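Descriptive structure summary
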Amino acid sequence: MQSAISIVDGELLRAFAAFAETLNFTAAAKQIGLSQPALHERVARLGERLGVSLYERSGRQLALTRAGEKVAAYARETLAHAARFAGQLQGELHRDRVVLAAGEGSFLYLLGPAIARFHRRDAAELELRTLGAPDACDAVRTGAAHLAVAVVDLVPRDLLAVDLLETPLVVAMKKTHPLAKRRKVSLAALADEPLILPPAGRSHRDFVGRAIARLGRELAAPIEADGWPLILSFAAAGLGLAVVNGCCALPRGVVARPVPELGTVRYRLLRRRGAPPHEARDRLAAVIRDVVA
């Protein structure tokens, strides 16, 4: 491997940052005005200089390796620092930028007041990325986001987490449903009802399915809906019962009851371990903790 100082080549880092954003050589090349072969050569040259594989094939898709994730974070941070420094030299007024990744439910039911306060009081530019928990963690890991808010049981070793909110899993249903008369609903009672759940392969659906399987029952084909708002709207229409996080705002005519056997979920604020200082990131994190926690 060549001297570490040799990787500080802006063109190589710029090429790899674009590739890490899209994981597609053609799209990345178009993004930064290069031909596809030229971008591919720069990414390959960066990997050769570092002596590591930066990406790998996962099925029909490309994915960053662990080393690639670290290099992507370094590339983004280095390019952002260089842009700030050049602007300062030229006397330009610099506005910090901070990126927050979270799921649709987190933005709708948890983060709204914190985002409004930060936007109202802070001069930094705030960019929001709507990503599910695994993708939000990856965005922080690779430097595509400074912070993430997600339901995470096991925090990856390369991320730091602060607990924000623990909320029970509940079943949402029309007020007129017979189970609405109960203060809480058992999992066995839930297993007898038509359920509204995310599409197959989503962690929430898998979790509910495993819980019902522990009763010796099989999860019947649920009514599929993508995202808490649509799931809850189906519940409001009386199509079935929706298992959702307790922090979700309920439509009119819908009530929620806890399902103790399903336990709770924990929302966490995540940032990358070892990330360089970033004042706007820290200010946003402080607002989120103050408002949500």
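Structure: above.
Criteria and cut-off values
Residues numbered from 1 in each chain as written. Predicted model: local features only at pLDDT ≥ 70, side-chain atom pairs only at ≥ 80, totals over all residues. Heavy atoms only, no water. Axes fitted to C-alpha atoms, helices over the stretch in contact; angles between N-to-C directions. Helix = DSSP H or I, 4+ residues; strand = E, 2+ residues; numbered from the N terminus. Parallel < 35°, antiparallel > 145°, perpendicular 65-115°, else oblique. Left-handed = near helix turned anticlockwise from the far one by under 90°. Contact = heavy atoms within 4.5 Å. Nonpolar A, V, L, I, M, F, W, Y, C, P; charged D, E, K, R; others polar. Salt bridge = Lys/Arg side-chain N within 4 Å of Asp/Glu carboxyl O. Core = buried A, V, L, I, M, F, W, Y, C linked by side-chain atoms within 4.5 Å. Buried < 20%, exposed > 50% of the residue type's maximum accessible area, 1.4 Å probe, protein only.

Let us now look at the packing of helix H1 (residues 10-22) against helix H2 (residues 25-32). Contact pair H1 / H2: the axes reach a minimum separation of 8 Å and the direction vectors enclose 130°. Relative to H2, the element H1 is oriented oblique. In this structure, the crossing between H1 and H2 has a hand that is right-handed. Of the residues in H2, those touching H1 at Arg 14, Ala 15, Ala 18, Phe 19 and Thr 22 are Phe 25, Ala 27, Ala 28, Gln 31 and Ile 32. Among the residues forming the contact of H1 with H2, the class breakdown is seven nonpolar, two polar and one charged.

Quick look at unusual backbone geometry now. It is generally the case that most residues other than glycine have a negative phi and that most peptide bonds are trans. Positive phi, normally seen in glycine, also occurs at Leu 23, with a value near 55°. Topologically, Leu 23 is positioned in the loop between H1 and H2.

Let us now look at the pattern of salt bridges. Here the structure, examined in full by the defined rule, presents 21 salt bridges. With a closest N to O distance of 2.6 Å, Arg 97 and Glu 127 form a salt bridge. Highlighted residues: Arg 97 in strand S3 (residues 97-102) and Glu 127 in strand S4 (residues 125-130), separated in sequence by 30 residues. Members of the salt-bridge network, linked through shared partners, are Glu 21, Arg 76, Arg 97, Glu 127 and Arg 129.

Now for the nonpolar core. Leu 100, Leu 111, Val 149, Leu 190 and Ile 288 are the most contacted members of the largest nonpolar core, which has 44 residues in total. Residues contacting Leu 111, with those up to four places away along its chain left out, are Leu 100, Ala 102, Ser 106, Val 149, Ile 288 and Val 292. In terms of nonpolar packing, the next biggest core, distinct from the first, is built from 22 residues, Phe 16, Phe 25, Ala 29 and Leu 64 among them.

Moving on: the environment of Met 173. Along the chain, Met 173 falls in strand S6 (residues 159-174). Looking at Met 173, the relative accessible area reads 0%, which means it is buried. Put simply, Met 173 and Phe 234 are 61 residues apart on the chain and 9.3 Å apart in space, counted from C-alpha to C-alpha. Sequence-distant contacts of Met 173, that is, excluding residues within four places in its chain, are made with Leu 179, Ala 180, Val 185, Leu 241, Gly 253, Val 254, Val 255 and Arg 257.

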